[in-house]
Structure formats: structure tokens, C-alpha cells
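Okay, here's what each chain looks like letter by letter:
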Amino acid sequence: QQQVKQSPQSLIVQKGGISIINCAYENTAFDYFPWYQQFPGKGPALLIAIRPDVSEKKEGRFTISFNKSAKQFSLHIMDSQPGDSATYFCAAREQGGKLIFGQGTELSVKP
Amino acid sequence: DTGVSQNPRHKITKRGQNVTFRCDPISEHNRLYWYRQTLGQGPEFLTYFQNEAQLEKSRLLSDRFSAERPKGSFSTLEIQRTEQGDSAMYLCASSLTGSEDQPQHFGDGTRLSIL
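These notes cover the structure that comes with them.

Parameters and conventions
Residues numbered from 1 in each chain as written. Chains lettered and ligands numbered in written order. Predicted model: local features only at pLDDT ≥ 70, side-chain atom pairs only at ≥ 80, totals over all residues. Heavy atoms only, no water. Contact = heavy atoms within 4.5 Å. Buried area = accessible area lost by both parts, 1.4 Å probe. Salt bridge = Lys/Arg side-chain N within 4 Å of Asp/Glu carboxyl O. Polar contact = N/O pair within 3.5 Å; in protein donor to acceptor, adjacent residues only side chain to side chain. Helix = DSSP H or I, 4+ residues; strand = E, 2+ residues; numbered from the N terminus. Core = buried A, V, L, I, M, F, W, Y, C linked by side-chain atoms within 4.5 Å. Buried < 20%, exposed > 50% of the residue type's maximum accessible area, 1.4 Å probe, protein only.

### Considerations on the interface of chain B and chain A
So, point 1. Of the residues lining the interface, 20 residues belong to chain B; the matching set on chain A comes to 18 residues.
So, point 2. Interface area for chain B against chain A, summed over the two sides, is near 1,600 Å², with a carbon-plus-sulfur share of 47%.
So, point 3. As a salt-bridge pair, arginine 51 of chain A and aspartate 101 of chain B come within 2.6 Å of each other at their nearest N and O atoms.
So, point 4. The tally of links between chain B and chain A comes to nine residue pairs in polar contact (both at pLDDT 80 or more).
So, point 5. Taken together, the elements giving at least two residues each to the side of chain B that touches chain A come down to β4 (31-37) and β5 (44-50) of chain B.

### Overview of the nonpolar core
So, point 1. Of all hydrophobic cores here, the largest spans 25 residues; its most connected members are Phe33, Trp35, Phe73, Leu75 and Tyr88 of chain A.
So, point 2. For this core, the secondary structure elements donating two or more residues are β2 (10-14), β3 (19-25), β4 (33-38), β5 (45-50), β7 (62-67), β8 (72-77), β9 (86-93) and β11 (105-110) of chain A.
So, point 3. At four residues, β9 of chain A tops the list of elements feeding residues into this core.
So, point 4. Listed in part, the 19 residues of the second largest apolar core include Trp34, Phe65, Tyr90 and Ile114 of chain B.

### Side note on the side chain of serine 75 of chain B
Residues and elements named next belong to chain B.
So, point 1. With respect to the secondary-structure elements, serine 75 resides in strand β8 (residues 75-79).
So, point 2. Assessed through its relative accessible area of 0%, serine 75 is described here as buried.
So, point 3. Separated by 3.0 Å, the side chains of serine 75 and tryptophan 34 make a polar contact.
So, point 4. A distance of 2.8 Å separates a polar atom in the side chain of serine 75 from the backbone oxygen of glutamate 68.
So, point 5. Beyond its immediate chain neighbours, meaning those up to four positions away, serine 75 contacts Phe21, Arg22, Cys23, Leu32, Trp34, Phe49, Glu68 and Arg69.

Dropping the structure here:
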């Protein structure tokens, strides 16, 4: 059972463009929604996160949009750079603390 | 703050052998999580500790897997009688209850390869 569904699986964006990654969840008891960035051979690094009572959060070039009624949230990367090329994971936290991850999106930003 | 540290970074072993991994969380973080990540997939939860108490275990954690956090600081994950399907990246994360949002910070993992 896939509790958090992420799309697309891969994404190619030109430098300076906007990268958009979408996630949908099923469990309305999730209380926190982080996004992680992962480079090859490294562990996931926390990028930005949001609580379900907030509709949008922006940190620098990264923005999370959250639609509680649709049970969907998305990551927008503005002015995408080649250094942003990585795999991105959305996640949702159960109240006990464990994270449920999406399947990941491999982003490639072309110069 | 030196981050979450995991050792070894890589482990290659023959099927049927036992292996043990170590995780040192961020100091003062009272929660410690273990996840497993296979190629092309997101991390999957295995188990977590609050201080020295193991509070939850996933169904993924078969009887061959055991985790400990004896003094509420570092943790070990042992896999007995390893199988081919155990090949994966084993990730450790830590967090501090009571902090805003209690974000989980991950180490760089231990990559296990079963020959």
C-alpha cells in the first residue's frame, strides 16, 4: 500500500526554469510534510517542510504548496540550477514520528 | 554539531554471515530512527528509539534483525544470517522531541552488499 505517491519519477529542466514535483497522500493523520534532497552516495538532507495547517511555505528558491482538502502537496524550485540536480523525496510523518517516503524524483537541470 | 555519523560506510559480506552497523546521532537528540533504502526507492522505516526504549518496529524487521540503543546514545543494527535481499543502504536519522517540528536529520548510511 503506497501511502505517499510522488510524481514524476524523473524530470529534466533547463537552467533558470521551474521544477515542480507533486505528492499525494492518503492518511489524514499525517502531521508534518518534509522534502528531502539526496545526492548519490549521501543520505537524504532536509530541504524544507510544512505543517498541514499552512497552505504555502517559501525558503529561498524552494516553495511548498499544500492543499489539505485534496491531500496533495508540491515542491517548486525556482530558477533551477545544475547544482540542484539530485533525487528529491517527499515524506509524511505519522504522529508516532516515523516518516513515510514517496518513491523519489530524479531531477536533472541542463545548463 | 557534527551531524549523524554511521559506520562503516560500506560493508561487503558473504550470504549467511552476520553484520553489525553503528549509528551515532546528533548529540542530545533523544529519538533515533533506522530506515532501509533500496536502489531507486525512498527510505522505508525499520524501527525507532526514544532514549533507550525501542518504541516501534516495522514488519520489514524480520527476526534476523535486531537493534539496540543501550545507553540512549549510539545505536547498533545487527543482521544475522544475511540474505541477498538484505542488500541495501541502511540509514540512521535522529531528532529532538520538543523542538519545533522535530525534523529528522539523516546520516550518509551504510551500504550493505551481499555476495
